[in-house]
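Chain and residue survey
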Amino acid sequence: MRPAGPPDQPGRIVVLTGAGLSAESGIPTFRDGDGLWERHRIEDVATPEAFDRDPALVLRFYDMRRAAAATARPNPAHAALARLSHHPGVTLITQNIDTLLDRAGARDVIHMHGRIDSALCAACGHRWTAPAAMATSDPCPACGRPATRPDIVWFGEMPYHMDRIEQALAGAQLFAAIGTSGQVYPAAGFVDLARSVGARTVELNLVPTDDARDRFDDSIAGPAGETVPAWVDGLIGPA
Ligand code: NAD
C-alpha cells in the first residue's frame, strides 16, 4: 500500500493559466457570455492600432481594469498554484494581467501578456509602477519622453518571455492548461508543444473546451476554486 503523504516526485510541470482562474475572484473572463469583452470590441481597445487611433479610450479601459484588479482578491485556485510554484521543477505561465497569482504568493510567475500594474515607455522600454490613471503625456521616469502605455501585450504583438516558455515546454513532463479557452495563440499551441516532447497533458476548465478530447490526455471539469486545489494536493500532497 502506498504511504500517505506527498505522491511520487511529479517531474517537470508547466502550468498555463487563463481568465477562468480569476473568474471566481470577480474578474470577468474574455470570451464567456457575460465577459468584459462583450461590451468592448477587441479592435477598439486591445490592439496597437486602437491605441494609435484613440489612446484616451484605450487608457480609460485599462484604468478600469487596473481598478478592478486592485480590489479583487486571490481565490483558492491562485493559492494552490502559488503553493505548487514553490515546488522544484514547476513553471507557472499566465495570460492574465491581474497579478492575482503574485498576490497569492506565487514564485517567478511568467506574465506572457504583461501586467496591469506596470507602465511601459514605448520609446525606451523602461517599466515602472502604473499610476491609477495613465496618460500618454506622462513622461517616462528614465528617458523623459511622453510615450507611456500599459505594459500589456495587445493582439498582434509578440507575447513576452517566449524563449523561457519554449525552454520550459521542451522539458515538460506534465502540462496543465487551467481556465483558458485555447483560442488565443501562441498560448493555445503550448499543449501541442508539450505533447510533442511526450508530456502528459491535462485541462482544468469549468466545462471541457471543444477540442479537449483531442488535445489533452485528461480533462477535469468544474470551477477552478475547487478543482485546482484538489489537483495540486494530488500532485504534491496536501498543505
Ligand atoms: P477566455 O475568456 O477566452 O477563456 C476563459 C476560460 O475559462 C473558458 O474556457 C471558460 O470555460 C473558463 N472558465 C470560466 N470560469 C471558470 C472557472 N470558474 N473555473 C475554471 N474555468 C473557468 O480566457 P483566456 O483563454 O485566458 O483568453 C486569453 C486572453 O484573455 C488573454 O489575452 C488574457 O490576457 C485575457 N484576459 C485576462 C484576464 C485577467 O487578467 N484576469 C481577464 C480577461 C481576459
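In this text, all values refer to a predicted model and were calculated from it rather than measured experimentally.

1. Let's talk about the packing of aromatic side chains
Across all of its chains, the model carries three aromatic pairs by this definition. With 5.0 Å between their ring centres and 85° between their planes, phenylalanine 61 and tyrosine 62 make a pair best called edge-to-face. Just as phenylalanine 61 is buried, tyrosine 62 falls in that class too. Taken together, a centroid distance of 6.3 Å and an interplanar angle of 45° make the contact between tyrosine 62 and tryptophan 154 tilted. With tyrosine 62 in helix α4 (residues 55–71) and tryptophan 154 in the loop between β6 (148–152) and α7 (162–170), the pair connects residues that are 92 residues apart, well separated along the chain. In terms of burial, tyrosine 62 and tryptophan 154 fall into one category: buried.

2. Some details on the sheet that holds strand β2 (residues 90–94)
With parallel pairing, the six strands of this open sheet are ordered in space as β3-β2-β1-β7-β8-β9. Of all strands in the sheet, those with a lone pairing partner are β3 (110–111) and β9 (218–221), marking the two edges. In the sheet, strand β1 (residues 13–17) pairs with strand β7 (residues 174–178) via five bridges, with the strands oriented parallel. In the strand pairing of β7, threonine 17 is matched with isoleucine 178. Against the sheet, helix α10 (residues 224–236) engages β1, β7, β8 (200–205) and β9, with an angle of about 170° to β7.

Conventions adopted
Residues numbered from 1 in each chain as written. Predicted model: local features only at pLDDT ≥ 70, side-chain atom pairs only at ≥ 80, totals over all residues. Heavy atoms only, no water. Phe/Tyr/Trp six-rings, centres within 6.5 Å; stacked < 30°, edge-to-face > 60°. Buried < 20%, exposed > 50% of the residue type's maximum accessible area, 1.4 Å probe, protein only. Helix = DSSP H or I, 4+ residues; strand = E, 2+ residues; numbered from the N terminus. Pairing = 2+ DSSP bridges. Contact = heavy atoms within 4.5 Å. Axes fitted to C-alpha atoms, helices over the stretch in contact; angles between N-to-C directions.

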